[in-house]
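Below are the chains, spelled out letter by letter.
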Amino acid sequence: MRTRICLAGMIALPALLAAALPLSFQSGSRVWVSGTSTVRGYRCESTQVTGTAQGEGTELTQVAQSRGEISIPVASLDCRNGTMNGHMRNALKATENPTIRFRATSVAVTPEGAVRMTGPLTIAGQSREVTINGTAARQNGRLRVTGSKQLTMTDFGVQPPRLMAGTMRVHAPVTIGFDVVLGQ
């Protein structure tokens, strides 16, 4: 009887070890939106990065088994200019759609740490399937994932702000960047 229990335990152990572990977003994680206008460039950043992630661990070889979702409150994006913050929040329809979300439904990683994540990105209430490329590196027992994706605001129903009778216009292409730290 004991032999059967030990044998069953040894068979089940790899399955338990391979089970997805919860990973949490650690301090130091940040997301930003950058772009240009007819006047100057801008960058709006948030450190209020939340979400859920499941992975086999924080080793690079385990990243490909990961899935996750990241959320950023639109109101937390800071452009370091109160007027610009207001225009950005209006353009992103922050009252009706207070968060930007990305859900990674597929993750591929190379042994060198190049990451390719695919899934729905939701901005201003509009969802689009996107692929985001980045890099992953193991640091102090944690996993740091960085990358960016260039988007066109109008693809998500966001009209670029125009001010001063249209003489100041925000250009439609923007880059969403991220530098997130995950740990157990």
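Please read all numbers here as calculations on a predicted model, not as lab measurements.

1. Section: the confidence of the model for the protein chain
Then, in step 1: When pLDDT is averaged along the protein chain, the result is 81; 79% of the residues meet or exceed 70.
Then, in step 2: Of the regions scoring below 50 in pLDDT, residues 1-19 engages in 3 contacts with residues more than four places distant in sequence or in other chains.

2. Re the packing of aromatic side chains
Then, in step 1: Enumeration over the complete set of coordinates arrives at 0 aromatic pairs.
Then, in step 2: The cationic tip of Arg-43 hangs over the ring face of Trp-32; the distance from NZ or CZ to the ring centre is 4.1 Å.

3. Description of the pairing of strand β6 (residues 99-104)
Then, in step 1: A one-sided burial pattern is seen for β6, the buried positions being Ile-100, Phe-102 and Ala-104 and the unburied ones Thr-99, Arg-101 and Arg-103.
Then, in step 2: Where strand β5 (residues 67-73) meets β6, 6 bridges bridge the pair, whose relative direction is antiparallel. Within β6, the position partnered with Ile-70 by the bridge is Phe-102.
Then, in step 3: As paired strands, β6 and strand β8 (residues 114-123) are joined by 2 bridges and run antiparallel to one another. Bridged to Arg-101 within β8 is Thr-122.

4. Observations regarding the pattern of salt bridges
Then, in step 1: The final tally for this structure, using the stated rule, is 5 salt bridges.
Then, in step 2: The closest approach of N and O atoms between Arg-30 and Glu-45, which form a salt bridge, is 3.6 Å. Placement of the pair is Arg-30 in strand β2 (residues 30-37) and Glu-45 in strand β3 (residues 41-46), with a sequence separation of 15 residues.
Then, in step 3: Between Glu-45 and Arg-43 there is a salt bridge whose closest N-O contact spans 3.0 Å.
Then, in step 4: On the accessibility criterion, Arg-43 (36% relative accessible area) is partly exposed.
Then, in step 5: Overlapping salt bridges, with partners in common, bring together Arg-30, Arg-43, Glu-45, Arg-144 and Asp-179 in one network.

5. Section: unusual backbone geometry
Apart from glycine, the bulk of residues carry a negative phi angle, and the bulk of peptide bonds sit in the trans form.
Then, in step 1: One non-glycine residue, Arg-80, lies in positive phi territory at about 65°.
Then, in step 2: Positionally, Arg-80 belongs in the loop between β5 and α2 (82-91).
Then, in step 3: Not every positive phi belongs to a glycine, and Ala-124 is a case in point at roughly 55°.
Then, in step 4: Counting through the fold element by element, Ala-124 comes out in the loop between β8 and β9 (126-139).
Then, in step 5: Taking the relative accessible area as the measure of exposure, Ala-124 reaches 7% and is therefore buried.

6. Looking at the environment of Gly-134
Then, in step 1: Following the sequence through the fold, Gly-134 ends up in strand β9.
Then, in step 2: Residue class for Gly-134 comes out buried when judged on its relative accessible area of 14%.
Then, in step 3: Each C-alpha atom, one on Gly-134 and one on Arg-116, is 6.4 Å from the other, the two residues being 18 residues apart in sequence.
Then, in step 4: Those residues within four positions of Gly-134 in sequence are excluded, and the remaining contacts are Gly-113, Ala-114, Val-115, Thr-146 and Gly-147.

7. Let's talk about the state of the cysteines
Then, in step 1: Inspection of the entire model under this criterion finds 1 disulfide.
Then, in step 2: Here Cys-44 connects covalently by a disulfide to Cys-79, the sulfurs 1.9 Å from one another. Across the S-S bond of Cys-44 and Cys-79 the torsion is about 95°, and the bridge reads as right-handed. You can see Cys-44 sitting in strand β3 and its partner Cys-79 sitting in the loop between β5 and α2, a full 35 residues away along the chain.

What counts as what
Residues numbered from 1 in each chain as written. Predicted model: local features only at pLDDT ≥ 70, side-chain atom pairs only at ≥ 80, totals over all residues. Heavy atoms only, no water. pLDDT = per-residue confidence, 0-100. Contact = heavy atoms within 4.5 Å. Phe/Tyr/Trp six-rings, centres within 6.5 Å; stacked < 30°, edge-to-face > 60°. Lys NZ or Arg CZ within 6 Å of the ring centre and 35° of its normal. Buried < 20%, exposed > 50% of the residue type's maximum accessible area, 1.4 Å probe, protein only. Helix = DSSP H or I, 4+ residues; strand = E, 2+ residues; numbered from the N terminus. Pairing = 2+ DSSP bridges. Salt bridge = Lys/Arg side-chain N within 4 Å of Asp/Glu carboxyl O. Disulfide = S-S within 2.5 Å.

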